[in-house]
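# Observations on the model geometry
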Amino acid sequence: MALQFYDTRLRRKIPFEPLAPGTVRMYNCGPTIYDLAHIGNFRAYIFADLLRRWLDVRGFDVTQVMNITDVDDKTIRRSRNEGVSLEDVTGRYGLAFFEDIDRLNIRRATHYPRATAHIDQMVELVQALLELGHAYRAEDGSIYFRVNSFPEYGSLSGKRLADLRQGERVSDDEYESKDDVRDFALWKAWSERDGDVFWETPLGKGRPGWHIECSAMSMDHLGREFDIHTGGVDNIFPHHENEIAQSVCGAGAGFARRWMHCEFLIVEGRKMSKSLGNFFTIRDLLDQGYRPREIRYVLAATQYRSRLNFTLDGLRAARSALQRLDEFRDDWKLYPDGDPTREEVEVVERAARGFDEAMDDDLNVSGALSHLFTLVRELNAMRAEGKATAGIVPRLEQVWTRWDEALGFVLPFEEESGDGLETGHIEALVEQRNEARARKDWNRADAIREQLAEEGIELKDGPEGTVWRRR
RNA sequence: GGCGGCGUAGCCAAGUGGCUAAGGCGAAGGUCUGCAAAACCUUUAUUCGCCGGUUCGAAUCCGGCCGCCGCCUCCA
């Protein structure tokens, strides 16, 4: 089966063919850095990461752009509430964001453009929209996009322009000067509330609207037309709908070829919210003793278009599952010499194929994992029967590495395995202990085991020998 | 009101017309073992919210019902 992804606009899976063979240009809606991101946000970033990784594995040359929103209502409000500068707030939470994505083993995107560094591009786009008659300046000096000027408006979300009249909750005085409640801000004229956050531009004194940054930055870094645009389902309307309108009208091009959106997550079966006390940041979970790798596993293991039920139980289950993978890797060391058997080769190749097919089919990570775990079980069973051979290990290692490239949690993270102890030193002690055990000198053997335990090394005695692992 | 989604074993979660309904966690047995710790193996849904229908054949398609949920102007 060929590589295919679900397209939000078409509402079905379609084969993936990039605009330029062999290269993919992708834009991901990124964080607004006004506070710590929560696990719901990270599900979206993990989704983008899984997509990017799979395209990497599939041999595409990927240019990945994720925006950083560093000026909007929320960042401004926060800086005012704290009485600090906007840069203070965005600097702090921008740093936290990168710390968190590193911890979660999310690959760095090619570019992380910031809104405040692209004011010129936004101004240009708004000017073009004004000239083309798609935008107008309202009494308050703000500039709005005229939704009526774009007949295709609503095609992504499946909303018809005429239906959008309904929810007229226009009580907010912010909207008073718009011609039509459905119109949205491209440029916000400076107001008291903005304090010292403003730019003097040909459009006047003010700041950009939220939607315009993604249009300007994606086109700046990826061109007027690119392959994939991702985000959370909540971005479909109005954010992405507005992006399309601005971009297509302003640049006269197709903008994003396809749209992919990741579902929400809920926590313990309920919507995540601060009032329910089920609101988690990455740091909250780390403080409770959960590991980044376990968080990544949970966020990745459910197919991105399904709603994910995030539970602490699930994190514990992830720990057990990951431990099973680690044990399996350790056990390769014990496979007796010999050429790979036909059966072994079949087990490995079937799993390798199954994994690829599942991932090719709209990133079905759950399906891919089932093939991975089936391989673990089958090879373990063969080993228990003395039918596993060291001859299979090179191929196994190759496949395993590919799986880690794709998922990012198959091999242990560096930070969790390395502690500076010399391998030679450990193996010498293990050797000494086994000599002691052979002499039935249990005191000596136990002393060595304890010594190693204090250094964070765990021993596992089995019929084929002793393996050690860093805890 | 408009648009859309979901309901699969104790929990999480694939599968969306046809081999025996993936996989993980948990649980129960067993193996290994100087002790210990762990690990490994096996078993664990005659059935896919309920009721009808279409079909040679449905968890998968259609209709109805019950339950849960999302979006409808700045929330991943």
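Bear in mind that the values here come from a model prediction, so they are computed numbers and not experimental data.

### Let's talk about the overall build of chain A
Helix and strand content of chain A: 15 helices and 15 strands. When each of the 471 residues of chain A is scored for burial, the buried share is 51%. Sequence separation of at least 24 residues holds for 76% of the intrachain contacts in chain A that already meet a minimum separation of 6. Accessible area for chain A stands at about 21,700 Å²; split by element, carbon and sulfur atoms hold 46% of it. Computing the positive centroid from 65 side-chain charges and the negative centroid from 83, chain A places the two 4 Å apart.

### Digging into unusual backbone geometry
Residue proline 238 follows phenylalanine 237 across a cis peptide bond; omega there is 5°. Among the structural elements, proline 238 can be located in helix 6 (residues 236-251). In this model, leucine 363 sits at a positive phi of 55°, which is unusual for a non-glycine residue. Residue position: leucine 363 is located in the loop between helix 10 (342-360) and helix 11 (365-384). Among the residues examined, leucine 363 registers a relative accessible area of 3% and is labelled buried. Positive phi, normally seen in glycine, also occurs at lysine 440, with a value near 60°. Of note, lysine 440 is situated in the loop between helix 14 (423-438) and helix 15 (442-454). Residue lysine 440 is classed as exposed on the basis of its relative accessible area of 60%.

### Focus on the packing of aromatic side chains
Scanning the entire structure with this criterion turns up 22 aromatic pairs. For the pair phenylalanine 16 and phenylalanine 60, a centre-to-centre distance of 5.7 Å together with 80° between the ring planes defines the contact as edge-to-face. A residue pair is termed long-range when its members are at least 10 positions apart, and phenylalanine 16 in the loop between strand 2 (12-15) and strand 3 (23-28) and phenylalanine 60 in the loop between helix 1 (39-57) and strand 4 (61-66) qualify at 44 residues. On the basis of relative accessible area, phenylalanine 60 is assigned to the buried category, the value being 18%. Here the aromatic residues Trp54, Phe328, Trp332, Phe355, Trp400 and Trp403 are joined through ring pairs into a cluster of three or more. Above the plane of the ring of tryptophan 190 lies lysine 205, whose end atom (NZ or CZ) is 4.2 Å from the centre. A cation over an aromatic ring shows up here: lysine 205 above the ring of phenylalanine 198, its NZ or CZ 4.2 Å from the ring centre.

### Some points on the packing of helix 9 (residues 312-331) against helix 11
The contact between helix 9 and helix 11 brings their axes to 11 Å, and the two run at 45°. The angle between the axes of helix 9 and helix 11 places the two elements in the oblique class. In terms of crossing hand, the pair formed by helix 9 and helix 11 is left-handed. Contact residues: helix 9 offers Ala321, Arg324, Leu325, Phe328 and Asp331, while helix 11 offers Leu372, Phe373, Leu375, Val376, Arg377, Leu379, Asn380 and Arg383.

### Focus: the pattern of salt bridges
In the structure shown here, the tally under the stated rule is 36 salt bridges. Put simply, aspartate 100 and arginine 283 hold a salt bridge, and the shortest N to O gap is 3.1 Å. Note that aspartate 100 is positioned in helix 3 (residues 86-103) and arginine 283 in helix 7 (residues 282-287), a separation of 183 residues in sequence. Given a relative accessible area of 22%, arginine 283 falls into the partly exposed group. Here arginine 383 makes a salt bridge to aspartate 331, at a shortest N to O gap of 3.3 Å. You can see arginine 383 sitting in helix 11 and its partner aspartate 331 sitting in helix 9, a full 52 residues away along the chain. Just as arginine 383 is buried, aspartate 331 falls in that class too. By sharing partners, the salt bridges in this structure join Asp35, Arg78, Glu82 and Arg92 into a single network.

### Looking at the sheet that holds strand 8 (residues 199-201)
Reading across the sheet, the 5 strands line up as 5-6-7-9-8 and stay open at both edges, with antiparallel pairing between neighbours. Because the sheet does not close on itself, it has two edges, and the strands there are strand 5 (135-137) and strand 8. Strand after strand, the sheet turns through a mean of 35° between neighbouring axes, direction not considered. Pairing of strand 6 (residues 143-145) with strand 7 (residues 184-189) involves 3 bridges; the strand directions are antiparallel. Pairing of tyrosine 144 across the sheet is with alanine 185, part of strand 7.

### Some words on the nonpolar core
Among the nonpolar cores identified, the biggest contains 88 residues, and Phe310 and Leu372 are the most heavily contacted of them. For this core, the leading source of residues is helix 1, giving 12 residues. Residue contributions to this core reach at least three from each of two domains, namely domain 1 (21-267) and domain 2 (328-413). For leucine 372, the residues in contact, after removing those within four places along its chain, are Leu325, Phe355, Trp400, Trp403, Leu407 and Val410. Residues Leu129, Phe145, Tyr153 and Trp187 belong to the second largest nonpolar core, which totals 41 residues.

### Here's the deal with the side chain of arginine 43
Inspection of the secondary structure puts arginine 43 in helix 1. Residues contacting arginine 43, with those up to four places away along its chain left out, are Cys262, Glu263, Phe264, Leu265, Leu299, Thr302, Gln303, Tyr304, Ser306, Arg307 and Leu308.

### Structural notes on the domain arrangement of chain A
Split into domains, chain A comes out as domain 1 (21-267), domain 2 (328-413) and domain 3 (418-470). The C-alpha-based centres of domain 2 and domain 3 are spaced at 28 Å. With 5 residues of domain 2 in contact, the opposing surface of domain 3 contributes 5 residues. Between domain 2 and domain 3, roughly 530 Å² of surface is buried when both sides are summed, and carbon and sulfur atoms account for 44% of that area. Counting the contacts that link domain 2 with domain 3 gives 1 salt bridge. Counting every contact that joins domain 2 to domain 3 gives 1 residue pair in polar contact (both at pLDDT 80 or more). Looking at the side of domain 2 that touches domain 3 residue by residue, the class counts come to 1 nonpolar, no polar and 4 charged.

About the cut-offs
- Residues numbered from 1 in each chain as written.
- Chains lettered and ligands numbered in written order.
- Predicted model: local features only at pLDDT ≥ 70, side-chain atom pairs only at ≥ 80, totals over all residues.
- Heavy atoms only, no water.
- Helix = DSSP H or I, 4+ residues; strand = E, 2+ residues; numbered from the N terminus.
- Buried < 20%, exposed > 50% of the residue type's maximum accessible area, 1.4 Å probe, protein only.
- Contact = heavy atoms within 4.5 Å.
- Areas by Shrake-Rupley, 256 points an atom, 1.4 Å probe, with all protein chains shown as cover.
- Lys, Arg positive; Asp, Glu negative; His and termini not counted.
- Charge placed at Lys NZ, Arg CZ, Asp CG, Glu CD.
- Phe/Tyr/Trp six-rings, centres within 6.5 Å; stacked < 30°, edge-to-face > 60°.
- Lys NZ or Arg CZ within 6 Å of the ring centre and 35° of its normal.
- Axes fitted to C-alpha atoms, helices over the stretch in contact; angles between N-to-C directions.
- Parallel < 35°, antiparallel > 145°, perpendicular 65-115°, else oblique.
- Left-handed = near helix turned anticlockwise from the far one by under 90°.
- Salt bridge = Lys/Arg side-chain N within 4 Å of Asp/Glu carboxyl O.
- Pairing = 2+ DSSP bridges.
- Core = buried A, V, L, I, M, F, W, Y, C linked by side-chain atoms within 4.5 Å.
- Domains from an automatic or database assignment.
- Buried area = accessible area lost by both parts, 1.4 Å probe.
- Polar contact = N/O pair within 3.5 Å; in protein donor to acceptor, adjacent residues only side chain to side chain.
- Nonpolar A, V, L, I, M, F, W, Y, C, P; charged D, E, K, R; others polar.

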